Protein chains: 2
Amino acid sequence: MSDQMKTISVAKSHGGVQGVYSHASDSCSCDMIFAVFVPPQAREKPCPVVWYLSGLTCTHANAMDKGEYRRMAAELGLIVVCPDTSPRGADIPDEKDNWQFGCGAGFYLDATPEPYAKNYRMYSYVTEELPALVAREFPADMARQAVFGHSMGGHGALTIALKNPGRFKSCSAFAPIVQPSTAGWSRPAFEKYLGADETSWRGYDATSLIEDGHRFPEFFVDQGTSDGFLNDGLRPWLLEAACAKAGIALTLRMQDGYDHSYFFISTFMEDHLRWHAQRLS
Amino acid sequence: MSDQMKTISVAKSHGGVQGVYSHASDSCSCDMIFAVFVPPQAREKPCPVVWYLSGLTCTHANAMDKGEYRRMAAELGLIVVCPDTSPRGADIPDEKDNWQFGCGAGFYLDATPEPYAKNYRMYSYVTEELPALVAREFPADMARQAVFGHSMGGHGALTIALKNPGRFKSCSAFAPIVQPSTAGWSRPAFEKYLGADETSWRGYDATSLIEDGHRFPEFFVDQGTSDGFLNDGLRPWLLEAACAKAGIALTLRMQDGYDHSYFFISTFMEDHLRWHAQRLS
């Protein structure tokens, strides 16, 4: 283990190891914490890496504690990485009472205006810096990567896959924000992180990226019909329309009666990991 | 739903419903919160009830969030009830800096000396009051009940099964405290809850109950070998010796490398629920 990474905790689970680690992040100019599950198969050979990006207010711990991914990851031989959702710390610009901006709300983008440009660089963090660290420190087969996430993290997964189609074998999402540039809960954050010129926002908006010519082979999305954010913030039909127009295969499952919580996510976690494993093998 | 029970939250999960409820408890003289998962089979007919008793510092939420029981409970048609571990509230006598006594540390016993006798009556609560409420409010087949738990809750499961062998079809435990009357982390609590006369402690001590003639057909215990509490607090070999002497069947699995956390519990949750389901069917 290098000097760059500190182990916060490790525990055996489902035959593999669930760890929590920290490191000094150059991208975010602060210490960052992340969780990695390494399946038992990794004792024999490098394993594919599945990135799980969490939603607003979350840390690395939400999916680790409530996502119920280890059983399937251990069966399928998948490394699962759960990054944090933003920079954190006493020196990080934040709006403490605003759960839709600042700490816990990094939106997986690289901010441009000050004072946010120094720390809020979650796009670079999860696409460059953390993958390099994972490749160095874990028995990871970086030629086989997948990405998925929930809500704001679903937005992250979709946009990161569209911008890096050659890197990821598959992409899925639970209740993703599919058009953050027009949703009330994300527009104020985008304006602060990226400035008033909405042209720049298109680079972090899944439907705009598709309209602008970015492509990914197929998406798999689960969305609960009783999700309180469905009609205002999430609106999967906007992704459906964009994919239809662009010829991108989309499996969109409207799940009757499910809400936005991890009770929903954990229910369909197995389906998502099987989807990814099929495309990673 | 009766006036006696308030719904705090409900969410669909694995085809069933995970709810959190509160009620004014007579046993504990305070409001108590508990979690109930009702599987999809309960729409057709009453389902067996499995009681999960949590460990020190826990609430109803630990197993609900991290126990990963819903997938199997939904498959097997089991109602899972997770009570709190003690009375709580501003009026409850407590030692805030002591995690081994007071709130979060009820030890599933009925306290006798004041000031604890008024509220710390978790034995009556989980064996009488809460079962009556569950029978009234949920589609529960109370003729088919099982009990299991973790650490202090494993102690609770073992003692409650031994004292009520006719009520429970099965009993299992993750890393149970098997002889709390002689363990350093429980003796001070037993003295405060039950008084200095250790004779009365035997009624809440699994190995003492067996020595004193209480019987249960069989126990199933998983214990991690890397559990930091193994040698001082848990000591499953004491249960092993007591069961051997009494002719009680014990399946004790020492799980290599596992610790005391929910990463351990969730790994073997499926095995425990299958064990119970076989004996409840």
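Cut-offs applied
- Residues numbered from 1 in each chain as written.
- Chains lettered and ligands numbered in written order.
- Predicted model: local features only at pLDDT ≥ 70, side-chain atom pairs only at ≥ 80, totals over all residues.
- Heavy atoms only, no water.
- UniProt positions renumbered as here; feature names shortened; annotations may be inferred.
- Helix = DSSP H or I, 4+ residues; strand = E, 2+ residues; numbered from the N terminus.
- Rg over C-alpha atoms; globule rule 2.2 N^0.38 Å.
- Buried < 20%, exposed > 50% of the residue type's maximum accessible area, 1.4 Å probe, protein only.
- Contact = heavy atoms within 4.5 Å.
- Pairing = 2+ DSSP bridges.
- Axes fitted to C-alpha atoms, helices over the stretch in contact; angles between N-to-C directions.
- Expected span 1.5 Å × (residues − 1).
- Least-squares fit on C-alpha atoms with pLDDT ≥ 70 in both.
- Buried area = accessible area lost by both parts, 1.4 Å probe.
- Salt bridge = Lys/Arg side-chain N within 4 Å of Asp/Glu carboxyl O.
- Polar contact = N/O pair within 3.5 Å; in protein donor to acceptor, adjacent residues only side chain to side chain.
- pLDDT = per-residue confidence, 0-100.
- Phe/Tyr/Trp six-rings, centres within 6.5 Å; stacked < 30°, edge-to-face > 60°.
- Lys NZ or Arg CZ within 6 Å of the ring centre and 35° of its normal.
- Bend = angle between axes of the 7 residues up to and from the residue.

The name an unreviewed UniProt entry assigns to chain A is S-formylglutathione hydrolase, from the organism Mesorhizobium opportunistum. Looking at chain A in UniProt, the text filed under Sequence similarities (unreviewed entry) is "Belongs to the esterase D family." Here is the UniProt Function (unreviewed entry) comment for chain A, exactly as written: "Serine hydrolase involved in the detoxification of formaldehyde."

Student: An account of the overall build of chain A is requested, with residue identities and associated values reported.
Tutor: Secondary structure assignment for chain A yields nine helices and nine strands. Here the C-alpha radius of gyration of chain A, 17 Å, is about what a compact globule of 281 residues would show, namely 19 Å. If one aligns the C-alpha atoms of chain A with their principal axes, the spans along those axes are about 50 × 40 × 35 Å. Here chain A holds 281 residues, and 60% of them are scored as buried. Within chain A, residue pairs in contact and separated by at least 24 positions form 72% of the contacts whose partners lie at least 6 positions apart.

Student: Explain the sheet that holds strand 6 (residues 140-150) of chain B to me, using residue names and the numbers behind them.
Tutor: All names here are of chain B. Strand order across the open sheet formed by nine strands is 1-2-3-5-4-6-7-8-9, with mixed pairing between neighbours. The sheet is open, and its two borders are formed by strand 1 (5-13) and strand 9 (249-255), each paired with just one other strand. Each adjacent strand pair in this sheet contributes to an overall mean axis angle of 20°, direction not counted. Here three bridges tie strand 7 (residues 168-174) to strand 8 (residues 218-224), and the two strands are oriented parallel to one another. By the bridge assignment, Ser172 is partnered in strand 8 with Phe220. Sitting on the sheet, helix 3 (residues 122-137) touches strand 1, strand 2 (16-25), strand 3 (30-38), strand 4 (47-53), strand 5 (79-83) and strand 6, and the angle it makes with strand 2 is about 120°. Along the sheet, helix 4 (residues 152-163) makes contact with strand 4, strand 6, strand 7 and strand 8, crossing strand 6 at roughly 135°.

Student: Which residues make up helix 4 of chain B, and what are the values?
Tutor: Residues and elements named next belong to chain B. Spanning twelve residues, helix 4 covers 16 Å between terminal C-alpha atoms, matching the ideal 16 Å at 1.5 Å per step. Burial analysis of helix 4 places eleven of its twelve residues in the buried class, which makes it a mostly covered element. Buried within helix 4 we find Met152, Gly153, Gly154, His155, Gly156, Ala157, Leu158, Thr159, Ile160, Ala161 and Leu162.

Student: Residue-level account of the relation of the copies chain B and chain A, with values.
Tutor: Mapping chain B onto chain A leaves a residual RMSD of 0.0 Å; the transformation is a rotation of 180° accompanied by 0.0 Å of translation along its axis. Such a combination of turn and shift is consistent with a two-fold rotation axis. Taking C-alpha positions as reference, the residue of chain B nearest the rotation axis is Lys66(B), located at 2.8 Å. Comparing interface residues between copies, 100% of those in chain B also lie at the interface in chain A; the contact surface is shared.

Student: Before we move on, could you go through the sheet that holds strand 4 (residues 47-53) of chain A and cite the residues and values that matter?
Tutor: Residue and element names in this part refer to chain A. Read across the open sheet, the nine strands follow the order 1-2-3-5-4-6-7-8-9; overall the sheet is mixed. What marks the edges here is a single partner per strand, and that holds for strand 1 (5-13) and strand 9 (249-255). Strand-to-strand, the axes of this sheet are offset by a mean angle of 20°, without reference to chain direction. Sheet analysis places strand 3 (residues 30-38) next to strand 5 (residues 79-83), joined by four bridges and oriented antiparallel. In the strand pairing of strand 5, Phe34 is matched with Pro83.

Student: Outline the pairing of strand 3 of chain A, supporting the account with residue identities and numerical values.
Tutor: For a regular strand, side-chain orientation follows a simple rule: the groups alternate between the two sheet faces. Residues and elements named next belong to chain A. With respect to burial, strand 3 is a largely interior element, seven of its nine residues being buried. Where strand 2 (residues 16-25) lies against strand 3, nine bridges are found, and the strand directions are antiparallel. Each residue of the ladder has a partner; that of Gly19, found in strand 3, is Val36. The antiparallel hairpin formed by strand 2 and strand 3 contains four residues in its connecting segment, where Ser29 sits at a positive phi of about 50°.

Student: Requested: an account of the interface of chain B and chain A, with residues and values cited.
Tutor: With 22 residues of chain B at the contact, the number on the chain A side is 22 residues. When the two sides are added together, the surface that chain B and chain A hide from each other amounts to roughly 1,900 Å², 49% of it contributed by carbon and sulfur. On the chain B side of the contact with chain A, Lys12(B), Glu68(B) and Phe263(B) bury the most area, a combined 36% of that side's loss. Where chain B meets chain A, there are two salt bridges. If you look at where chain B meets chain A, you find ten residue pairs in polar contact (both at pLDDT 80 or more). Going through the elements one at a time, strand 1, helix 1 (61-66), helix 2 (70-76) and helix 9 (262-280) of chain B are the ones with two or more residues in the side of chain B that touches chain A.

Student: Go over the confidence of the model for chain A with me, naming the residues and quoting the values.
Tutor: Residues at a pLDDT of 70 or more form 99% of chain A, whose mean pLDDT is 97. The complex model carries a pTM of 0.97, and its ipTM stands at 0.95.

Student: Can you explain the packing of aromatic side chains? Please cite residues and give values.
Tutor: For any two aromatic rings, the description comes down to two numbers: the centre-to-centre distance and the angle of the planes. If you walk through the whole model with that rule in mind, you get 44 aromatic pairs over all chains. Considering the side-chain rings of Tyr258(B) and Phe264(B), the 6.2 Å spacing of their centres and the 50° angle between planes classify their relative orientation as tilted. By relative accessible area, Phe264(B) is classed as buried at 0%. Taken together, the ring pairs connect Tyr52(A), Phe148(A), Phe174(A), Tyr258(A), Phe264(A) and Phe268(A) into an aromatic cluster. A cation sits over an aromatic face here: Arg70(A) above Tyr69(A), 5.2 Å from the ring centre.

Student: Describe in detail helix 3 of chain B, supporting the description with residues and values.
Tutor: All names here are of chain B. Of all bends in helix 3, the biggest is about 35°, found at Leu130, and the proline Pro131 comes one to four residues later. Extensive coverage of helix 3 is indicated by the burial of twelve of its 16 residues. Along helix 3, the positions that sit buried rather than exposed are Met122, Tyr123, Ser124, Tyr125, Val126, Thr127, Glu129, Leu130, Pro131, Leu133, Val134 and Glu137.

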